[in-house]
Amino acid sequence: MYLKKLNYVIIVLVTYFFNRSVCSQLDVGFYSYSCGMAEFIVKEEVRKSFYKNPGIAAGLVRMHFHDCFIRGCDASVLLDSTPSNTAEKDSPANKPSLRGFEVIDNAKAKLEEVCKGIVSCADIVAFAARDSVELAGGLGYDVPAGRRDGKISLASDTRTDLPPPTFNVNQLTQLFAKKGLTQNEMVTLSGAHTIGRAHCSAFSNRLYNFSSTSSQDPSLHPSYAALLKRQCPQGNTNQNLVVPMDPSSPGTADVGYYIDILANRGLFTSDQTLLTTTGTARQVNQNARNPYLWANKFADAMVKMGQIGVLTGNAGEIRTNCREVNS
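Residues numbered from 1 in each chain as written. Predicted model: local features only at pLDDT ≥ 70, side-chain atom pairs only at ≥ 80, totals over all residues. Heavy atoms only, no water.

Quick look at the overall build of the protein chain now. When helices and strands are counted, the protein chain shows 14 helices and 2 strands. Relative to the 2.2 N^0.38 estimate, which gives 20 Å for 327 residues, the radius of gyration of the protein chain is 22 Å and therefore close to what a compact globule would have. Dimensions of the protein chain, computed from C-alpha atoms along their principal axes, come out at roughly 85 × 40 × 35 Å. Split into buried and exposed, the 327 residues of the protein chain put 46% on the buried side. When contacts within the protein chain are restricted to residue pairs at least 6 apart in sequence, those whose partners lie at least 24 apart make up 74%. Summed over all atoms, the accessible surface of the protein chain reaches about 15,800 Å², with 56% contributed by carbon and sulfur. (Helix = DSSP H or I, 4+ residues; strand = E, 2+ residues; numbered from the N terminus. Rg over C-alpha atoms; globule rule 2.2 N^0.38 Å. Buried < 20%, exposed > 50% of the residue type's maximum accessible area, 1.4 Å probe, protein only. Contact = heavy atoms within 4.5 Å. Areas by Shrake-Rupley, 256 points an atom, 1.4 Å probe, with all protein chains shown as cover.)

Set out below in C-alpha cells:
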C-alpha cells in the first residue's frame, strides 16, 4: 500500500514538473542560477559595438521586432539561408537593411564559453534590444527570459507578417492585432523610428511617384520633401544611400519622431498615417508632449512584444550557433 502511494506521488510530481516545463512562461532573472552573467555579457557586447557605431542600436531593436513578428520571438531571423531554403534575413524586407548579426554572434560565442548550451539566441536578441534602447537614451527595463530557438526560417513569411513602409493606419492596426498588440501599442512601438536610418527605396514613392494626380505625397511637408529629394535623387540606384528617420536626433531614443509627424515630417507613409485617425492622432500628440510617458509605454510594449509566440519548456532548442539549427 505504501509503495503504491509512493509511486502515485512520484507520477503526480513528474507529471506536474513536466507540464510546468512545457507550459512555463518567461521569467525575469531566468538565468540567475544557470548562467548568472548572461545579461551582463550580452550588454558588454552591445556596448562595445555601440561605441564603435551608435547606429547599431537601431539595428538591434529592429532585429527583435522582425524576429518576433515572424513565428514569434524564436531567433528565426538569425538563421542563414541554405541551398534548399531562403531564410528570413535574405528577404527584401530584411536585406540589406537588417544589421547587427555580428553582435549576436559575438555575445553567443562568449556565452558558449562560460555557459555552454544554456542561453538561447532568442533571449540574446531580446536582451540586446533592451540594451540598445538604454544606450540610445531610452528607459531600461527587465526582460523576462526563457525563450527557446526555432528551427524554421522562411523568407516568404516576411511578405505577410512584416508591415511595409507603405501601410496605412488600418493595415498597421490589423497586423499588430494579429500579434496580440493594441492600436495604442502599435503607435508606441512605431516610436522605435526615433533612431536609425532608412534606405531611399523605402520612401522614394512619396517623392517621385505617389499617385496618378500627384508625383509627391501632399501629406509630406514641402521643405522636408525638398531635403529628401536632395538626399535621394530620382533614379538613384545606390542601395547604400540612407537618411536618418528622425533628423533632429537620429541617435537618441526620444519623442522627436512624434514631433516630426505633427510637423508632417514622418518619413514613411506608415509614420505619417498615424495622424489620419482620431485615436492614433491623439496618441501621437500625447507622446510628443510627454517624453517620460512614451518612454515608459515603449518599455512596456517591448516587453509584451517580446513574448509573442515564444517557445518555452521542451519546445525548440538552444542553438549552439545562432546561424544554424543544431545538427
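This next bit is on the state of the cysteines. If you walk through the whole model with that rule in mind, you get 4 disulfides. The disulfide that involves Cys-35 links it to Cys-115, with 2.0 Å between the sulfurs. With the S-S dihedral at roughly 80°, the linkage between Cys-35 and Cys-115 falls on the right-handed side. Of this pair, Cys-35 sits in the loop between helix H1 (2-23) and helix H2 (38-52) while Cys-115 sits in the loop between helix H4 (101-114) and helix H5 (121-135), and the two are 80 residues apart along the sequence. One exposure class covers both Cys-35 and Cys-115, and it is buried. Through a disulfide, Cys-121 is tied to Cys-322; the S-S separation comes to 2.1 Å. With the S-S dihedral at roughly -95°, the linkage between Cys-121 and Cys-322 falls on the left-handed side. Within this pair, whereas Cys-121 is found in helix H5, its partner Cys-322 is found in the segment after helix H14 (291-305), the two being separated by 201 residues in sequence. For Cys-121, a relative accessible area of 0% gives the class buried. Each disulfide of the protein chain joins two cysteines, and with those cysteines numbered along the sequence the arrangement is 1-4, 2-3, 5-8, 6-7. (Disulfide = S-S within 2.5 Å.)

With that settled, the discussion passes to the packing of helix H7 (residues 169-178) against helix H8 (residues 183-190). Orientation of H7 relative to H8, taken along the N-to-C sense of each, is 105°, at an axis distance of 9 Å. On the basis of their axis angle, the class for H7 and H8 is roughly perpendicular. Contacts between H7 and H8 involve Val-169, Leu-172, Thr-173 and Phe-176 from the former and Gln-183, Met-186 and Leu-189 from the latter. Looking at side-chain class alone, the contact of H7 with H8 contains 5 nonpolar, 2 polar and no charged residues. (Axes fitted to C-alpha atoms, helices over the stretch in contact; angles between N-to-C directions. Parallel < 35°, antiparallel > 145°, perpendicular 65-115°, else oblique. Nonpolar A, V, L, I, M, F, W, Y, C, P; charged D, E, K, R; others polar.)

Core analysis: the largest hydrophobic core is formed by 70 residues, its most contacted members being Phe-69, Leu-78, Ile-104 and Met-305. Examining the composition of this core, we find that 9 residues originate from one element, H5, more than from any other. Apart from the residues lying within four places of it in its own chain, the contact partners of Met-305 are His-64, Phe-65, Cys-68, Phe-69, Cys-73, Leu-181 and Leu-189. Counting residues in each nonpolar core, the second largest holds 14 residues, with Ala-198, Leu-207, Leu-220 and Ala-225 among its members. (Core = buried A, V, L, I, M, F, W, Y, C linked by side-chain atoms within 4.5 Å.)

Turning our attention to the environment of Thr-277. Tracing the backbone shows Thr-277 in the loop between helix H12 (269-272) and helix H13 (278-289). Thr-277 sits in the partly exposed class, given a relative accessible area of 23%. Residues Thr-277 and Tyr-33, spaced 244 residues apart in sequence, show a C-alpha to C-alpha distance of 48 Å.

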